[in-house]
Amino acid sequence: MNVIEVKNLTKVYGDIIAVNNISFNVRKGEIFSLLGPNGAGKTTTVEMLEMIRKPTSGEIKIFDSKTDIKENIGILPQKFQSFERLSVRETLKYFSSLYEKRIDIDELLNLIGLKEVEGIMYKNLSGGLKRRVGVAIALVNDPELIFLDEPTTGLDPAARRSLWEVIKNLKKRGKTIILTTHYMEEAQYLADRVAIMHRGKIIAMDEPHKLIERYGDKTKLIIKGADGNLKEILPSIKYSSSREAVMEIDDEGDIASIILQLKKGGIRYERIEIERANLEDVFLKLTGAKLRG
Ligand SMILES: Nc1ncnc2c1ncn2[C@@H]1O[C@H](COP(=O)(O)OP(=O)(O)O)[C@@H](O)[C@H]1O
Ligand SMILES: [Mg+2]
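Residues numbered from 1 in each chain as written. Chains lettered and ligands numbered in written order. Predicted model: local features only at pLDDT ≥ 70, side-chain atom pairs only at ≥ 80, totals over all residues.

A. Broad picture of the overall build of the protein chain. From N to C terminus, the protein chain includes ten helices and 13 strands. With the C-alpha coordinates aligned to their principal axes, the bounding extent of the protein chain is approximately 70 × 45 × 35 Å. Residues classed as buried in the protein chain amount to 32% of the 293 residues present. Looking at the protein chain alone, contacts between residues at least 24 apart form 70% of all its contacts between residues at least 6 apart. (Helix = DSSP H or I, 4+ residues; strand = E, 2+ residues; numbered from the N terminus. Buried ≥ 20, exposed ≤ 12 C-beta atoms within 10 Å, placed from the backbone. Contact = placed C-beta atoms within 7 Å.)

In structure tokens, the structure reads:
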């Protein structure tokens, strides 16, 4: 079942086509990620879905025609900030008072991992906890559909990882999540499906592993510091230097038998690495540009 259906959606600002004729559906219960660099059109897209910005053209259908959209969505805006001098609990109480449908504040504090800091003022929280407050605000009305716009941008790696677990938990509770990000690891780790955006367009859309299979290079087995001629045992291997040899792998199930062959051939080595393509490689292949920088 689709929660969102988008058809030929376009947003123009003067000469800039921020969103250029994109179409996609989001299924109930999935994490759907819009992945792309700054300026790709992600925020403009989600803000049209959130009914904050008006499309220039195209169609958006959210839920069925009977459901009140604003009552049933939750939003974490990009670069979110909250009231500096309200405690976490006061903040959530305030935002929940704006809705008819409400989640219990204590349940929410526990769900997002904020129970221990409920009495602390927003301004005194770490960056990671501030962002958690933002996610909690998005949930005060117990929405079915949640928009998270760059939820982990600017956080340190540990805070990012722990927020990923919060987001996974929301999916486990049956929420549908639209996640925009420019971090490929984030989309790869969290998303059921990814739409890669570039200059206002969706240039590829699928499950992360399918995009990688389709556009990424083959998995490589890299053997470093081997003490014999690997070519005698593995004819298709190529030496990239005297100390390093690389072999493309068609089927990752073959890796164990390759390692066994090395052992039987009496070859010793310093280490073996397996290098798998990722969404960054997919983006590079499709656009010729790096996702970051
Ligand atoms: N209100 C606006 N007026 C003019 N241009 C805008 C406005 N909002 C966004 N843009 C432009 O639209 C493009 C897409 O922006 P945005 O949706 O914020 O991308 P992203 O979220 O992927 O970084 C950018 O070129 C941006 O400068
Ligand atoms: Mg943005």
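From this point, the discussion proceeds with the structure in view.
B. Inspection of the site of ligand 1 at higher detail. With respect to spatial proximity, the complete set of residues near ligand 1 consists of Tyr 13, Ile 16, Ala 18, Gly 36, Asn 38, Gly 39, Ala 40, Gly 41, Lys 42, Thr 43 and Thr 44. Contributions of two or more residues to the shell around ligand 1 are made by β2 (16-27) and α1 (42-49). If one sorts the elements of the shell around ligand 1 by residue count, α1 sits on top with three residues. Across the shell around ligand 1, the residue classes break down as four nonpolar, six polar and one charged. (Near = placed C-beta within 6 Å. Nonpolar A, V, L, I, M, F, W, Y, C, P; charged D, E, K, R; others polar.)

C. Layout of the sheet that holds strand β9 (residues 201-206). Ordered in space as β5-β6-β7-β3-β8-β9, the six strands form an open sheet in which the pairing is mixed. The open sheet terminates on both sides in strands that have one partner only, identified here as β5 (73-76) and β9. Strand-to-strand twist in this sheet, taken as the mean axis angle between neighbours without regard to direction, amounts to 15°. Across five bridges, strand β3 (residues 31-35) lies against strand β7 (residues 176-181) in parallel orientation. Residue pairing in the sheet places Ile 31 in a bridge with Ile 177 of β7. The strands touched by helix α7 (residues 208-215) within the sheet are β8 (193-198) and β9, with β9 carrying the most contacts at an inclination of about 105°. (Pairing = 2+ DSSP bridges. Axes fitted to C-alpha atoms, helices over the stretch in contact; angles between N-to-C directions.)

D. Fine view of the domain arrangement of the protein chain. Split into domains, the protein chain comes out as domain 1 (2-213) and domain 2 (218-276). Each of domain 1 and domain 2 has a C-alpha centre, and these two points are 43 Å apart. (Domains from an automatic or database assignment.)

E. View of the pairing of β3. With five of five residues buried, β3 is to be regarded as a mostly interior element. Judged by which residues are buried, β3 turns out to be covered on both faces: Ile 31, Ser 33 and Leu 35 on one side and Phe 32 and Leu 34 on the other are all buried.

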